[in-house]
Amino acid sequence: MVLSGPSGVGKSSVVDYLRTNHPAIDVSVSVTTRAPRPGEIDGVHYHFIDPAEFERMIAGGELLEWAEFAGNLYGTPAVPVRESLAAGRPVIVEIELQGARQVRSSAPDALQVFLSPPSWEVLVDRLSGRATEAPADIARRLETARVELAAEGEFDVSVVNDSVPLAAEEIVGLLTG
Ligand code: ADP
Ligand code: 5GP
């Protein structure tokens, strides 16, 4: 399953809930060149790597998909996802729009889920309230969010993130139902 949606909608919160409450669902750990936020653990939330290592992974064909987002590189290591699928375990990749489009063409059988905010104002409040980005970066992420929200119709299903547990359980239902 691909889980996408604008920055600040709550994707990481939903994924954290799934990690804690539904350990039978595998969650892909992306590589990124972004610096860790307070509380983010290397190997759990991301593998934090430098641009040279990222380029090496692209060149080696190690990434299922990758994209640049808000000035940093993000990618999905292919091997763990293939291992989950080969073992018959459900796996979620939480990625932005360009990556979701790549997976749509390379793995058309993956269910594409869009996590949407209850309103634009709530999205702005959540992204600003997280207080992990400088104002210029928040503005850039909100500009991209408009593009991502306009692409909601490309996805198989939309889940509104009013409440993290309810949105997460709806996603579990989509995976297991
Ligand atoms: P994303 O991973 O999509 O960028 P986050 O999970 O970091 O978003 O959430 C952005 C902010 O919104 C965080 O401060 C988070 O605690 C908060 N948040 C997420 N989901 C909800 C929700 N359903 N209700 C209220 N606040 C939320
Ligand atoms: P953040 O910096 O807020 O953690 O992530 C920024 C954006 O990058 C989010 O939309 C997140 O879903 C996306 N992202 C995280 N990992 C990947 C990945 O491996 N590939 C792609 N394409 N996007 C990712």
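Above this text is the structure in question.
Residues numbered from 1 in each chain as written. Chains lettered and ligands numbered in written order. Predicted model: local features only at pLDDT ≥ 70, side-chain atom pairs only at ≥ 80, totals over all residues. Heavy atoms only, no water.

Chemist: Would you mind showing me how to read the site of ligand 1 here?
Modeler: Near ligand 1, the surroundings consist of 14 residues, among which Gly8, Lys11, Ser12, Ser13 and Arg130 are the closest. The backbone of Gly8 places a nitrogen or oxygen atom 2.8 Å from an oxygen atom of ligand 1. Coverage of ligand 1 by the protein amounts to 73% of the 560 Å² it exposes when considered alone. One can see that ligand 1 is located within the largest pocket. Secondary structure elements with two or more residues in the shell around ligand 1: α1 (11-21) and α5 (120-130). Counting residues per element, the shell around ligand 1 draws most heavily on α1, which supplies three residues. Of the residues belonging to the shell around ligand 1, the class tally is three nonpolar, seven polar and four charged. (Near = heavy atom within 4 Å. Polar contact = N/O pair within 3.5 Å; in protein donor to acceptor, adjacent residues only side chain to side chain. Areas by Shrake-Rupley, 256 points an atom, 1.4 Å probe, with all protein chains shown as cover. 1 Å grid on protein atoms, 1.4 Å probe; cavity = no way out; pocket = protein on both sides within 12 Å on 5 of 7 lines; lining within 4 Å. Sits in = over half its atoms within 2 Å of the grid points. Helix = DSSP H or I, 4+ residues; strand = E, 2+ residues; numbered from the N terminus. Nonpolar A, V, L, I, M, F, W, Y, C, P; charged D, E, K, R; others polar.)

Chemist: Please explain the layout of surface pockets as it appears in this structure.
Modeler: Rolled over the atoms, a probe as big as a water molecule pinpoints where empty space is left. By volume, the largest pocket amounts to about 750 Å³. As for the largest pocket, its lining consists of 36 residues, and the residues nearest its centre are Ser12, Arg34, Arg37, Tyr46 and Glu94. Sorting the residues of the lining of the largest pocket by element identifies α1, β5 (63-69), β6 (72-77), α5 and α6 (135-150) as the ones contributing at least two each. Per-element accounting of the lining of the largest pocket gives the leading share, six residues, to α1. When grouped by side-chain class, the residues that make up the lining of the largest pocket number nine nonpolar, 14 polar and 13 charged. What the second largest pocket holds in volume is close to 370 Å³. Looking at the second largest pocket, it is lined by 18 residues, and the ones nearest its centre are Met1, Val81, Leu85, Val91 and Ala110. Residue classes in the lining of the second largest pocket are distributed as 14 nonpolar, two polar and two charged. (Points joined across faces, edges and corners; volume = space filled by probe spheres on them.)

Chemist: Help me understand the site of ligand 2 in this model?
Modeler: The environment of ligand 2 is formed by 16 residues, the closest being Ser30, Arg34, Tyr46, Tyr74 and Glu94. In this structure, Tyr46 approaches ligand 2 through a side-chain N or O atom, which is 2.6 Å from an oxygen atom. Between ligand 2 and the protein, one listed contact pairs an oxygen atom with a side-chain N or O atom of Tyr74 at 2.6 Å. In isolation ligand 2 exposes 510 Å². Once the protein is present, 98% of that is buried. Here ligand 2 is seated within the largest pocket. Among the secondary structure elements, those contributing two or more residues to the shell around ligand 2 are β5 and β6. Each residue belonging to the shell around ligand 2 can be placed in one class, and the counts come to five nonpolar, four polar and seven charged.

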